[in-house]
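# Structure at a glance
Listed below are the residues making up each chain.
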Amino acid sequence: MKSSLSWSEYIITQLVRVSGYSAIVFVALIFFFLLREGLPIIKEVSFGNLLNARWYPIEDYFGILPLIGGSVIVTIGAAMIAIPFGLGSAIFIAEIAPRWAREILKPFVEVLGGLPSVVLGFLGFVLLAPYIRRFLALPTGLTAFTGSLLLGAISIPTIVSVAEDALDAVPKSYRDAALAMGATEWQTIWRVTLPAARSGVLTAVMLGIGRAIGETMTVMMVTGNAAIVPTGLGALFSPVRTMTATIAAEMGEVANGSVHYHMLFFIGLVLFLISLIVNIAASAVVFRQRKRSERILS
Amino acid sequence: MKKTVRLLSLLLVILLSACRGPSTSASQAGPQTEESYIENKGSDTIVNLALAWAERYQELYPKVRISVTGGGSGTGIAALINGTVDIANASRPIKPEEEQSIEANGKHPVEFVIARDAIAVVVNPENPINHLTLRQISDIYSGKINNWKEIGGEDRPIVRLSRETNSGTHVYFLEEVLRLGDKEDKTLFAPNTLLMPSSEGISAEIRDNPNAIGYDGLGYVTPDMKMIAVARSADETYELPSKETVNDGSYPIARDLYMYTAGDPSGAVEEYLAWILSPAAQEIVSELGFVPIISK
């Protein structure tokens, strides 16, 4: 009896450990696979062609700049919408809203987060794009801006729920102390609670941006998929082609092992590296700030 | 304990043999008395036609099961190369590099012309333009003409719509319209051409946007879009696409539709392809807005 208990305990411990480490293993495997399938492109396609402004793979134009630019501009647009709205509603839910409003708002935000992106994309294509074309008098409503609006809507729930949890975890004593020293409610939120929850809030923003840059179906349906290198903010109101939409639209046609196939994996690699850089930059910021605050406190 | 092991292994053997059954029969089935399974994939232009054929054929021969999926001509041929389908549908001829990929697997692609199709150039019904020459359409899509007033329309920017590059319709339009059939011509679509992932994407934008111009197979044109009459040059007559104008060759943007197999077809696949070329099956072709091949 006793030995069987210790056995099962041993097995469970090992299982938990393995599932813990598996995250690292999977990321490493994916990275390795992307490298193996994507790197041959450096030999197959000249550097000049890769940095060209033309993406037209069926005639061997493999300029990746319009795709990177497209993803970046759509994501920046989405971030400009999602960060203020997301943090605003997180602050409202965590700090200002009365208890009953909070009980209603939280589940609604979570339902919004569970909305399939293809549904949003369809709504965007059928309703939002025609409206944007008329309202802004654009040649077409299928623009980066349309994509940004929808991606903003997709990433807001992520930002709200993570940031709200972070704000909620700030000890009540912080707020009490600030209020006792004569700070207004706004000063308490802006100067005390938000900085104290900094690392969680930043994580929320990063997750939101990650959600936006990786989103595929919605952008493929509403951004028009025209591979133009965006120049300046005006490009927000013209069509773009993102990296994710390119992979999704073209992966079906490529023959295994062809130049185009390696190119799509190379795009995947670039996408992977971009989100890695964003994540590392974010955690570096959090790390530095925390060290500083620890120094001050000690 | 031993009993369960024996039982399990018995079950495994049964399952395995059950799995082997249908997959091998497709290649060796003789007459349609044997169960067989045909996998058919490719061109979105052909998918409705292929579905109609598959439905009728399965009514006639209930033992044959046919699965039809779309995705684009390139997708279908890629699947044929990877060996996951029996028949690939394509709205363009196979490319040399695709042919090489199949031959690298030790097989030779076999081509069947199964129907003809006209590609209609469509605009929003509000657009006053009624007819264009091939040259004008080419200049619009290559980016030389950017406003409708340059060809006698309203002062509106032109929004060009195209299918994605994995569509056979895209490749055909590039070669025969944009480059006017000149193999040396390296003209490309203007970079700001919108590439729509589906035929429905083009239809929806055409219906909504008076700036837009698009193209798609005749079978996909609905009454709420306006078709453009096309002429080879300004001194020839402008023709709207129809069965008649495609058959007598007066409508300039028409093409053959294909099915491909890897290696000479045999068994159920061979019988199915023979039936598709029969008059009974070709009747379905004209029902769906395509042009049958026999009545040439």
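Our subject is the structure listed above.
Reading the values: the criteria
Residues numbered from 1 in each chain as written. Chains lettered and ligands numbered in written order. Predicted model: local features only at pLDDT ≥ 70, side-chain atom pairs only at ≥ 80, totals over all residues. Heavy atoms only, no water. Helix = DSSP H or I, 4+ residues; strand = E, 2+ residues; numbered from the N terminus. Buried < 20%, exposed > 50% of the residue type's maximum accessible area, 1.4 Å probe, protein only. Pairing = 2+ DSSP bridges. Contact = heavy atoms within 4.5 Å. Buried area = accessible area lost by both parts, 1.4 Å probe. Salt bridge = Lys/Arg side-chain N within 4 Å of Asp/Glu carboxyl O. Polar contact = N/O pair within 3.5 Å; in protein donor to acceptor, adjacent residues only side chain to side chain.

## Some thoughts on the environment of B:G143
- One can find B:G143 in the loop between α5 (134-142) and β6 (159-163).
- Distance from B:G143 to B:Q100, taken between C-alpha atoms, is 34 Å for residues 43 residues apart in sequence.

## As for the pairing of strand β4 (residues 109-123) of chain B
Residue and element names in this part refer to chain B.
- Counted residue by residue, β4 has 13 buried out of 15 residues, so it is predominantly covered.
- Across 9 bridges, the pairing between β4 and strand β11 (residues 254-262) is antiparallel. Each residue of the ladder has a partner; that of P109, found in β11, is A262.
- As paired elements, β4 and strand β8 (residues 212-217) share 5 bridges and run antiparallel to each other. Residue pairing for β8: V122 is matched across the bridge by G214.
- Bridging between β4 and strand β9 (residues 226-227) involves 2 bridges; their strand directions are antiparallel. If you follow V123 over to β9, its bridge partner there is K226.

## Observations concerning the interface of chain B and chain A
- At the interface, 33 residues of chain B touch 30 residues of chain A.
- When chain B packs against chain A, the two sides together hide about 2400 Å² of surface, and 56% of this comes from carbon and sulfur.
- Of all residues in chain B, B:T165, B:L188 and B:D208 bury the most surface against chain A, accounting for 22% of the area lost on that side.
- At the boundary of chain B with chain A, the tally comes to 4 salt bridges.
- Here chain B and chain A share 12 residue pairs in polar contact (both at pLDDT 80 or more) between them.
- Listed by contribution, the elements that provide at least two residues to the side of chain B that touches chain A are α3 (73-81), α6 (168-178), β7 (194-196) and α7 (199-208) of chain B.

## Examining the side chain of B:N147
Residues and elements named next belong to chain B.
- Within the secondary structure, N147 is located in the loop between α5 and β6.
- Taking relative accessible area as the criterion, N147 reaches 15% and is therefore assigned buried.
- Of note is the side chain of N147, whose polar atom sits 3.0 Å from the backbone nitrogen of K149.
- A distance of 3.0 Å separates a polar atom in the side chain of N147 from the backbone nitrogen of R156.

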